[in-house]
Amino acid sequence: MSLKDSLCAVELFCELPDDLVEEMIARGSTVEVGPGVPLVRQGDAGGGMLMLIHGSAEVDVDGRRSSQLSTGDYFGEMSLIDGADRSATVTSGPDGATAFRLSQAALNDLIAKHPHTAILLLKGLVGRVRQLEARLTEVAG
């Protein structure tokens, strides 16, 4: 699957037209790390999201394993909007990881150039929040 296809599968970006996804890719960067390397650390300044292109990662919250991520999974999407500190540490798995990174500044530039993008991103973000609410309901119920 191409990076463009992977990003289009992310709820946050699924409403964006192809040309905007391509522009977003041009504004992002690729991060490659070896095994056991933190991609982000809990408490660090946010400001961007990452999506795994290859490899896996482990998510720890307050020192406890929270979840496992694999290719196509993403994290930090909320910090694209609010820039809040990281709520978890995400560490690359045993084979390392390659991730696409989009900074908050890059997203803000894209929105300044294409203001309608903000509405499309909000629709995607609402979809993500609804999914998380549904998961919480399943766990609680």
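It should be noted that the structure appears before, not after, this text.
Computed from a prediction, not measured in an experiment: that's the story for all the values here.

1. Structural notes on the overall build of the chain
Point 1. A tally of helices and strands in the chain yields 5 helices and 6 strands.
Point 2. Listed by position from the N terminus, the elements making up the chain come as α-α-β-β-β-β-β-α-β-α-α.
Point 3. Relative to a compact globule of 141 residues, whose C-alpha radius of gyration would be 14 Å, the chain shows 15 Å and is just as compact.
Point 4. Its C-alpha atoms give the chain principal-axis dimensions of roughly 40 × 40 × 30 Å.

2. Some points on unusual backbone geometry
Point 1. For Asp62, which is not a glycine, the phi torsion comes out positive at approximately 55°.
Point 2. Looking at where Asp62 falls in the secondary structure, it is placed in the loop between strand 3 (48-61) and strand 4 (64-70).
Point 3. A relative accessible area of 53% means that Asp62 is categorised as exposed.

3. Some thoughts on the packing of helix 2 (residues 18-27) against helix 4 (residues 104-113)
Point 1. Closest axis-to-axis distance for the helix 2/helix 4 pair is 10 Å, and the angle between their directions is 145°. When you trace helix 2 past helix 4, the crossing you get is right-handed. Touching Leu20, Glu23, Met24 and Arg27 of helix 2 are Ala106, Asp109, Leu110 and Lys113, all from helix 4.
Point 2. Of the residues that constitute the contact of helix 2 with helix 4, the class distribution is 4 nonpolar, no polar and 4 charged.

4. Let's talk about helix 2
Since there are 3.6 residues in each turn of an α-helix, residues three or four apart along the chain are aligned in direction.
Point 1. Within helix 2, the full set of buried residues consists of Leu20, Val21, Glu23 and Met24. Down the axis of helix 2, the sector holding all buried residues measures 160°, keeping them to one side. The outward face of helix 2, more than 90 degrees from its buried face, is lined by the exposed residues Asp19 and Ala26.

About the thresholds
Residues numbered from 1 in each chain as written. Predicted model: local features only at pLDDT ≥ 70, side-chain atom pairs only at ≥ 80, totals over all residues. Heavy atoms only, no water. Helix = DSSP H or I, 4+ residues; strand = E, 2+ residues; numbered from the N terminus. Rg over C-alpha atoms; globule rule 2.2 N^0.38 Å. Buried < 20%, exposed > 50% of the residue type's maximum accessible area, 1.4 Å probe, protein only. Axes fitted to C-alpha atoms, helices over the stretch in contact; angles between N-to-C directions. Left-handed = near helix turned anticlockwise from the far one by under 90°. Contact = heavy atoms within 4.5 Å. Nonpolar A, V, L, I, M, F, W, Y, C, P; charged D, E, K, R; others polar. Arc of directions from axis to C-beta.

That's the geometry; what it means functionally is another story.
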